[in-house]
Amino acid sequence: MAASTREPIQDLIQEVLEVYPDKARKDRAKHLTANDQSIEQSKQCITSNRKSLPGVMTVRGCAYAGSKGVVWGPIKDMIHISHGPVGCGQYSRAGRRNYYVGMTGVNTFGTMNFTSDFQEKDIVFGGDKKLDKIVTEIEQLFPLSKGVTIQSECPIGLIGDDIEAVAKKKAKELGKPVVPVRCEGFRGVSQSLGHHIANDAIRDWVIGNRDGDDSFATTPYDVAIIGDYNIGGDAWASRILLEEMGLRVVAQWSGDGSLSEIELTPKVKLNLIHCYRSMNYLSRHLEEKYGIPWIEYNFFGPTKIAESLRRIAACFDETIRVNAEQVIAKYRSQYEAVIEKYLPRLEGKKVMLYVGGLRPRHVVGAYEDLGMEVVGTGYEFAHNDDYDRTIKEMGNATLLYDDLTAYEFEVFADKIRPDLIGSGIKEKYIFQKMGIPFRQMHSWDYSGPYHGYDGFAIFARDMDMTINNPCWQELQAPWLRADKAAGA
Amino acid sequence: MPNVMIRTNDAGDLLFYVAKKDLEETVTAVEVDTKSAWGGTVELADGSKWYIDPVHPRPEFPITLRFRRGD
């Protein structure tokens, strides 16, 4: 694929689309393209953030997943009530591996599931009384919780409960923030709207809490890490680099984050955004209301880390810039050793990615540092601006796909035959059965962290042990192997 | 009448951002752009036009304003 031009990819897309009825084919064709780096704006070549076609298997989530699972869930010292039937919260409980420090059930609640467990009578008579009671019970059982959020599931919007009124009443009673989040699952086309709703809820109910309170001593080097969910410890691996540079990380959003960190974010000097998709709304708001500039950064792979550290340092004075160079120099021998070890084992391998958020573009640099090539990438729930950024990261004539269906993904993988696929748990076993090595790139396949220089070493090791695992030579039954058959 | 956030990008151009519409374009022309007022018909890089009654005094960017579709 490396030497191919756009035509083979276009032909491949046509071939994949052939099975669809006319209308579906026309619709899906807009979501698939061969990358062309000369295009400035992605909307000229790819359509995104549209409703998925009925009847196809998509891997998208819902607004509740975007709010409870992604943005609010990792805030460790608040209790997030999955308000509605029990399943939504239970089946997603602790699945995202947002690591945190604290005593679960005492002062942190990240891996616990709180739900209002709606029954028929709650749907018929309304669940507000039950919610009121739950918040009271939470306060009795977990007095060290710093606040409560009410994460609506679908029925709440359908029956028209007034969770805002309950939240206001309970907040007054408890003297703690009680945040109603209108993230009913049916809203929007994917989890992306859930991110937006959650961002707006933080904006409306939390951000202004410490306006006019100057008791927090600030320094000129205060920053906030925005959009790092500490999956497998990612945010910690990022944080140490920033702290070594001499910056003070005031808040982590929201992996291993706490309510007070979020409330203190308006006091920082610069917001550093890792996951642009899920938290750009808040960064824009913080810029407008408090004049805090924001920049995006990428902590996957040494090339991008060095680039990002320099760009972050450029926003500060000379000492930070000198420190940034020292940090890069300090880790040079470490990452060079990693590359020296794994590059010969991984060089030239082809990777297909299909993830969400930031990873389809951010990890490209890390693969390239290991001599690998990303031949296809795409997002589950991206918008135009994500593809704008992706076009520049990806090579020409590589495959770009948006809201890929299970069928399309299988056919693309079968035709391209990459050496590695990075996607989620739902895809993992399909591709392993097809004989293609697979890594989960949502949860780092229960490994991690992958951010920062420390993470890069783990990333390289994981990719190597997946691709070069001896099991991939054992997929054919022994008696069917050509060499064995000839011997017998 | 969408809410539009106007901000300055790294290159110093004004960006016209409508979150609900996934629209983020640079502003190419502003009808009224003086020290005391800003607004009127605003033209974007994609050719679309938007209108706002001129804001007095000239606002500090970034700011969220309500625009109408221009013609």
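Worth saying up front: this structure is predicted, and the values here are computed from it rather than measured.

Check the secondary structure of chain A and you find 21 helices and 14 strands. Here chain A has a C-alpha radius of gyration of 24 Å; the compact-globule value for 488 residues is 23 Å, and the two agree. Taking the principal axes of the C-alpha coordinates as reference, chain A spans close to 80 × 60 × 50 Å. For chain A, with 488 residues in total, the buried portion stands at 50%. For chain A, contacts bridging at least 24 residues in sequence account for 71% of all contacts bridging at least 6.

Moving on, we come to the overall build of chain B. Helices and strands together make up the secondary structure of chain B, namely 0 helices and 7 strands. Ordered by position from the N terminus, the helices and strands of chain B form the series β-β-β-β-β-β-β. Relative to its length of 71 residues, chain B is compact, with a C-alpha radius of gyration of 11 Å against a globular reference of 11 Å. Projected onto the principal axes, the alpha-carbon positions of chain B cover approximately 30 × 30 × 20 Å.

Here we take up the nonpolar core. All names here are of chain A. In this structure, Ala224 and Leu309 are the most contacted members of the largest nonpolar core, which totals 124 residues. At 8 residues, the largest contribution of residues to this core is made by helix α14 (residues 318-346). Other than its neighbours up to four places away in sequence, Leu309 contacts Leu241, Met245, Ala324, Val327 and Ile328.

Attention shifts here to the sheet that holds strand β8 (residues 270-273) of chain A. The strands making up a sheet are joined through hydrogen bonds of the backbone, oriented either antiparallel or parallel. Residue and element names in this part refer to chain A. The 4 strands are arranged β7-β6-β8-β9 in an open sheet whose pairing can be described as parallel. Only two strands of the sheet have a single neighbouring strand rather than two, namely β7 (248-254) and β9 (294-296). Neighbouring strand axes in the sheet, compared pairwise and without regard to direction, differ in orientation by 25° on average. Pairing of strand β6 (residues 222-228) with β8, which is carried by 4 bridges, proceeds in the parallel orientation. What sits directly across from Ala224, in β8, is Asn271. Against the sheet, helix α12 (residues 276-290) makes contact with β6, β7, β8 and β9, and its axis sits at roughly 165° relative to β8, the strand it touches most.

Let's shift gears to the packing of helix α3 (residues 63-72) of chain A against helix α9 (residues 191-205) of chain A. Residues and elements named next belong to chain A. Contact geometry of α3 with α9 gives a least axis separation of 6 Å together with a crossing angle of 55°. Between α3 and α9, the interaxial angle falls into the category oblique. α9 is crossed by α3, and the crossing has right-handed handedness. Taking contact as the criterion, the partners of Ala63, Tyr64, Ala65, Gly66, Ser67, Val70, Val71 and Trp72 in α3 are, on α9, Gln191, Ser192, Leu193, Gly194, His195, Ile197, Ala198 and Asn199. Split into classes, the residues belonging to the contact of α3 with α9 amount to 9 nonpolar, 7 polar and no charged.

This next bit is on helix α10 (residues 234-244) of chain A. Residue and element names in this part refer to chain A. In terms of residue burial, α10 counts as a mostly covered element, since 8 of its 11 residues are buried. For α10, every residue scored as buried is listed here: Asp234, Ala235, Trp236, Ala237, Ser238, Arg239, Leu241 and Leu242. Looking at the buried side of α10, the elements it contacts are β6, β7, α13 (302-313), α14 and α20 (452-467). Just beyond α10, the residue with positive phi is Gly246, at close to 100°.

Once that is clear, we can look at the domain arrangement of chain A. All names here are of chain A. According to the domain assignment, chain A consists of domain 1 (1-60 + 342-488), domain 2 (63-210) and domain 3 (222-324). Centre-to-centre, using C-alpha coordinates, domain 1 lies 28 Å away from domain 3. On the domain 3 side, the residues contacting the 21 residues of domain 1 number 22 residues. Elements represented by at least two residues in the side of domain 1 that touches domain 3 include exactly α16 (364-369) and α20. The element that contributes the greatest number of residues to the side of domain 1 that touches domain 3 is α20, accounting for 5 residues. Along the lines of polarity and charge, the residues of the side of domain 1 that touches domain 3 split into 9 nonpolar, 9 polar and 3 charged.

A separate point is the interface of chain B and chain A. The interface of chain B with chain A comprises 8 residues on the first partner and 9 residues on the second. The set of elements that each furnish at least two residues to the side of chain B that touches chain A consists of β1 (3-8) and β6 (63-66) of chain B. Per-class residue counts for the side of chain B that touches chain A are 4 nonpolar, 1 polar and 3 charged.

Residue and element names in this part refer to chain A. Among the secondary structure elements, Ile295 is positioned in strand β9. For the pair Ile295 and Ile273, spaced 22 residues apart in sequence, the C-alpha separation works out to 6.0 Å. Other than its neighbours up to four places away in sequence, Ile295 contacts Leu272, Ile273, Arg311, Ile312 and Cys315.

Next up on the list: the environment of A:Asn35. All names here are of chain A. Following the sequence through the fold, Asn35 ends up in the loop between β1 (32-34) and α3. Exposure remark for Asn35: the 24 C-beta atoms within 10 Å place this residue in the buried category. Expressed as a C-alpha distance, the spacing of Asn35 and Asn396, which sit 361 residues apart in the sequence, is 5.3 Å. Apart from residues lying up to four places away in sequence, Asn35 is in contact with Ile391, Met394, Gly395, Asn396, Ala397, Thr398 and Leu400.

Right, let's talk about the sheet that holds β6(B) for a bit. Residue and element names in this part refer to chain B. The strand order across the open sheet built from 7 strands is β6-β1-β2-β3-β4-β5-β7, with neighbouring strands paired in antiparallel fashion. Strands at the two margins of the open sheet, each flanked by one partner only, are β6 and β7 (68-69). One ladder, built from 4 bridges, connects strand β2 (residues 14-18) with strand β3 (residues 23-33); its direction is antiparallel. Counterpart to Val18 in the pairing with β3 is Leu23.

Thresholds applied
Residues numbered from 1 in each chain as written. Chains lettered and ligands numbered in written order. Predicted model: local features only at pLDDT ≥ 70, side-chain atom pairs only at ≥ 80, totals over all residues. Helix = DSSP H or I, 4+ residues; strand = E, 2+ residues; numbered from the N terminus. Rg over C-alpha atoms; globule rule 2.2 N^0.38 Å. Buried ≥ 20, exposed ≤ 12 C-beta atoms within 10 Å, placed from the backbone. Contact = placed C-beta atoms within 7 Å. Core = buried A, V, L, I, M, F, W, Y, C linked by C-beta atoms within 7 Å. Pairing = 2+ DSSP bridges. Axes fitted to C-alpha atoms, helices over the stretch in contact; angles between N-to-C directions. Parallel < 35°, antiparallel > 145°, perpendicular 65-115°, else oblique. Left-handed = near helix turned anticlockwise from the far one by under 90°. Nonpolar A, V, L, I, M, F, W, Y, C, P; charged D, E, K, R; others polar. Domains from an automatic or database assignment.

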